[in-house]
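So the chains spell out like this:
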Amino acid sequence: MEAGVSVMKSSSGTKERPMRAIAASAASIAAVLLLLMTGASFPSKLPGTAASADQSSLHAAGYVGSRACSNCHPIIYESFLRTDMGRSMSEITPSLLEKMPTSASIFNPKLNRHFEVAARDGKLYQSEYETGTDGKEIFRETHEVDWIIGSGANGSGAVVRHDDYLFEAPLSFYAKTRSWDLSPGYEFGDYGFNRPILPGCIVCHSGQPEPLLAENGRFRDPPFMELAIGCENCHGPGQSHVAASQMGSPIGSITNPAKLSPWLADNICMSCHQTGDARVLQAGKTYRDFRPGTELDDTLSIFLVPFTRESAPKDDLLEHYLSTHLSKCYLKSGGRLGCISCHDPHVQPSQQEAPAYFRTKCLACHTEKSCAVPVSLRQHKTPPDDCAGCHMPKRDVTVISHSVLTNHRIVAEAEEPFPDIAFHMTTSQLPDLVHLSANPAKQDAPRPLTLLQAYSQIMLAHPEYRARYWAVSKQLEAAQPDNVYVLEAQADEALQEKNGEGASGAIRYLENAIKRGATNPADFEELGKLLVAADRTSEAANVLRKGMQVAPYDAELYRLSAKIYFTLNKMQEACQVAAYGKQKFPQDNAIRDLSNRCERVPAGARN
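In this report, we go over the structure that sits alongside the text. Just so it is clear, the model here is predicted, and its values are computed rather than measured.

**Observations concerning the pattern of salt bridges**
Then comes step 1: In total, this model carries 26 salt bridges according to the counting rule given.
Then comes step 2: Of the charged contacts in the structure, one is a salt bridge between Arg468 and Asp432, with a shortest N-O distance of 2.9 Å. With Arg468 in helix α17 (residues 466-477) and Asp432 in the loop between β17 (404-406) and β18 (434-435), this pair connects stretches of sequence that are 36 residues apart.
Then comes step 3: Judged by its relative accessible area of 14%, Asp432 falls in the buried class.
Then comes step 4: The partner of Asp482 in a salt bridge is Arg516, with the nearest N and O atoms 3.4 Å apart. Taken together, the positions of Asp482 in the loop between α17 and α18 (484-495) and Arg516 in the loop between α19 (500-515) and α20 (521-533) put the pair 34 residues apart, joining distant regions of the chain.

This is how it looks when you write it as structure tokens:
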């Protein structure tokens with residue numbers, strides 16, 4: 001299994017989301033987050049004790065933690081700890097630091113930034129700084145790394161903590177080169193230490209994360225009740241099973257994926273190993289609401305823009321479920337082939353063991369005569385008789401440096417075209433999207449609100465879906481006029497009119513969305529700009545101030561707010577915002593310029 005370092009979409013710096021929808025769709029985030037894994041040891045202990053309220057909520061859900069399972073299943077437990085999933089996240093420990101270089105110095109000329117990694121007293125630190133033409137430092141920001149994310153098969157990312165917020169660090173460790181380099185996505189912009197860890201990402205890298213869904217990177221204290229992926233991620237809450245075991249009747253008291261239908265078993269894997277083009281939580285649901293043994297679509301819907309023969313994908317970055325289902329092996333199995341037909345989540349063969357291990361899986365259905373290549377030739381390859389090596393070839397991952405990925409579409413030849421079914425995956429109920437998580441036996445149309453959010457994510461890369469986004473919002477307007485997603489869509493449509501009436505309409509919709517609990521920083525930013533354009537500058541300042549309370553790590557809110565206060569000649573407020581912004585975002589040139597402007601303002605004029 002491969003997993004990885006995150007490409008977190010930041011709410012600061014370069015805009016990575018459209019005005020209305022969080023621009024980083026959970027799909028693309030989870031895709032890259034699950035890519036880099038290894039070498040990190042399974043945490044020997046959990047972070048500090050949670051507040052009793054948080055503990056009671058966790059126990060109320062029936063979770064007991066993987067260690068409770070080890071009492072009856074010690075061999076499986078110890079084996080699982082050695083898998084990539086069992087090592088998906090770790091605390092910084094001296095033993096962990098022995099497994100990777102802890103000293104690095106990198107300069108990126110495109111960003112004009114220096115980055116450093118250093119270890120001191122058993123702790124790991126990352127720094128970012130900039131120097132002027134005279135060689136003197138303009139700024140320097142240093143943070144202790146609290147956790148390493150990823151088992152390291154391809155690499156490992158670093159997670160830092162500010163107050164109750166978790167962020168990705170600028171540098172990741174890459175196993176292929178045994179070196180530190182820019183984290184995925186940082187080649188496109190300098191996000192500093194302000195790229196939030198989002199719920200849709202961390203849920204696939206830890207056993208029991210505690211994110212606050214409405215917040216951008218904010219977590220409860222402690223942020224993890226169990227660090228690495230654990231038993232209950234695949235088997236569901238274990239409280240009832242432990243109680244039943246103590247009474248001597250454990251049978252049937254917990255989900256066993258091996259006893260589920262292949263479809264339901266694959267739903268468990270699909271939740272993290274299938275991204276699609278949009279991933280949408282059902283209304284009122286969180287990622288923690290999914291229970292193994294139930295249909296994923298009841299909690300999380302996954303959608304894909306249909307393929308065409310001219311645009312068939314050349315990459316299946318974490319599209320493992322779909323890729324497998326488009327293989328002849330799956331199509332000829334009548335739906336019986338599933339993820340656990342080939343993978344045992346409790347056991348991960350070593351690189352040396354893998355060819356023979358997976359060959360035995362192939363021979364469960366195939367025979368020696370199934371392969372057209374003579375045995376004599378196969379035996380002389382390195383490694384010999386490597387079925388997966390030929391029919392599921394690894395390739396470089398274009399969006400992540402120094403990384404490779406196994407192709408899960410099992411092919412006879414490397415350039416084998418997609419089967420015809422790949423171009424006919426839509427339904428009459430949903431002709432313009434592939435609803436990957438839908439039960440193929442039901443093919444029910446998705447709920448309109450779910451579809452609205454899917455279109456909001458997909459139109460980022462496919463603007464032709466924007467009109468459909470607006471059409472669904474009109475459909476929902478009568479029944480859910482105060483729904484935040486509906487209001488955001490209406491504001492987006494109003495703005496496309498590009499006139500005063502459209503701007504006034506967008507203001508009304510965004511004001512209502514914020515009143516109804518919107519937490520997308522882009523809503524506050526856009527409303528602030530519209531109010532300024534409407535000569536309602538004081539109102540704009542109030543909106544941005546509220547936005548900073550909702551999203552305290554969104555740099556654009558600070559930029560806009562400081563500029564507005566300067567416009568209003570409120571120097572004290574302008575300089576306070578600029579100073580606070582500079583403290584949070586020292587790498588942000590625009591905020592530094594605003595702060596420097598304050599230094600040129602006479603002290604008396606700031607009052």
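**Looking at the sheet that holds β18**
Then comes step 1: The sheet built from 3 strands is open, its strands ordered β14-β15-β18 with antiparallel pairing. Edge strands, defined here as strands with exactly one partner in the open sheet, are β14 (278-281) and β18.
Then comes step 2: Both strand β15 (residues 300-304) and β18 contribute to a ladder of 2 bridges, which runs antiparallel. Bridge pairing in β18 places Leu304 opposite Val434.
Then comes step 3: Against the sheet, helix α16 (residues 448-458) engages β14 and β15, with an angle of about 145 degrees to β14.

**With respect to the state of the cysteines**
Then comes step 1: Summed over the entire model, instances satisfying the criterion amount to 2 disulfides.
Then comes step 2: Across a sulfur-sulfur distance of 2.0 Å, Cys204 and Cys272 are joined as a disulfide pair. Because the sign of the S-S torsion sets the handedness, a value of about -95 degrees for the bond joining Cys204 and Cys272 places this disulfide among the left-handed ones. You can see Cys204 sitting in the loop between α6 (199-202) and β12 (208-211) and its partner Cys272 sitting in helix α9 (residues 262-273), a full 68 residues away along the chain. Take Cys204 and Cys272: they sit in the same class, and that class is buried.

**Some thoughts on the side chain of Glu232**
Then comes step 1: Mapped onto the fold, Glu232 is located in helix α7 (residues 231-235).
Then comes step 2: Of the buried charged residues, Glu232 lacks a salt bridge, with Arg288 as the closest side chain of opposite charge at 8.1 Å.
Then comes step 3: A polar contact of 2.8 Å, which involves the side chain of Glu232, links it to the backbone nitrogen of Gly238.

**Some thoughts on the packing of aromatic side chains**
Then comes step 1: Scanning all chains against the criterion turns up 13 aromatic pairs.
Then comes step 2: Relative to Phe167, the ring of Tyr165 has its centre 6.3 Å away and its plane inclined at 20 degrees; by these criteria the two rings are stacked. For the pair Tyr165 and Phe167, a shared accessibility class is recorded, and that class is buried.
Then comes step 3: When the centroid spacing of 5.0 Å and the interplanar angle of 90 degrees are considered together, the rings of Tyr357 and Phe358 count as edge-to-face.
Then comes step 4: Taken together, the aromatic side chains of Trp147, Phe219 and Phe224 make up a single cluster linked through ring pairs.
Then comes step 5: Over the ring of Tyr465 we find Arg468, and its NZ or CZ is 4.3 Å from the ring centre.
Then comes step 6: Taking the ring centre of Phe566 as reference, the NZ or CZ of Arg597 above it sits at 3.9 Å.

**Things to note about the pairing of β14**
Then comes step 1: Of the two faces of β14, the one lined by Ala278 and Val280 and the one lined by Arg279 and Leu281 are each fully buried.
Then comes step 2: For β14 and β15, the ladder comprises 4 bridges, and the chain directions are antiparallel. Among the inter-strand pairings, Arg279 is bridged to a residue of β15, identified as Ile302.

Scoring rules and cut-offs
Residues numbered from 1 in each chain as written. Predicted model: local features only at pLDDT ≥ 70, side-chain atom pairs only at ≥ 80, totals over all residues. Heavy atoms only, no water. Salt bridge = Lys/Arg side-chain N within 4 Å of Asp/Glu carboxyl O. Helix = DSSP H or I, 4+ residues; strand = E, 2+ residues; numbered from the N terminus. Buried < 20%, exposed > 50% of the residue type's maximum accessible area, 1.4 Å probe, protein only. Pairing = 2+ DSSP bridges. Contact = heavy atoms within 4.5 Å. Axes fitted to C-alpha atoms, helices over the stretch in contact; angles between N-to-C directions. Disulfide = S-S within 2.5 Å. Lys, Arg positive; Asp, Glu negative; His and termini not counted. Polar contact = N/O pair within 3.5 Å; in protein donor to acceptor, adjacent residues only side chain to side chain. Phe/Tyr/Trp six-rings, centres within 6.5 Å; stacked < 30°, edge-to-face > 60°. Lys NZ or Arg CZ within 6 Å of the ring centre and 35° of its normal.

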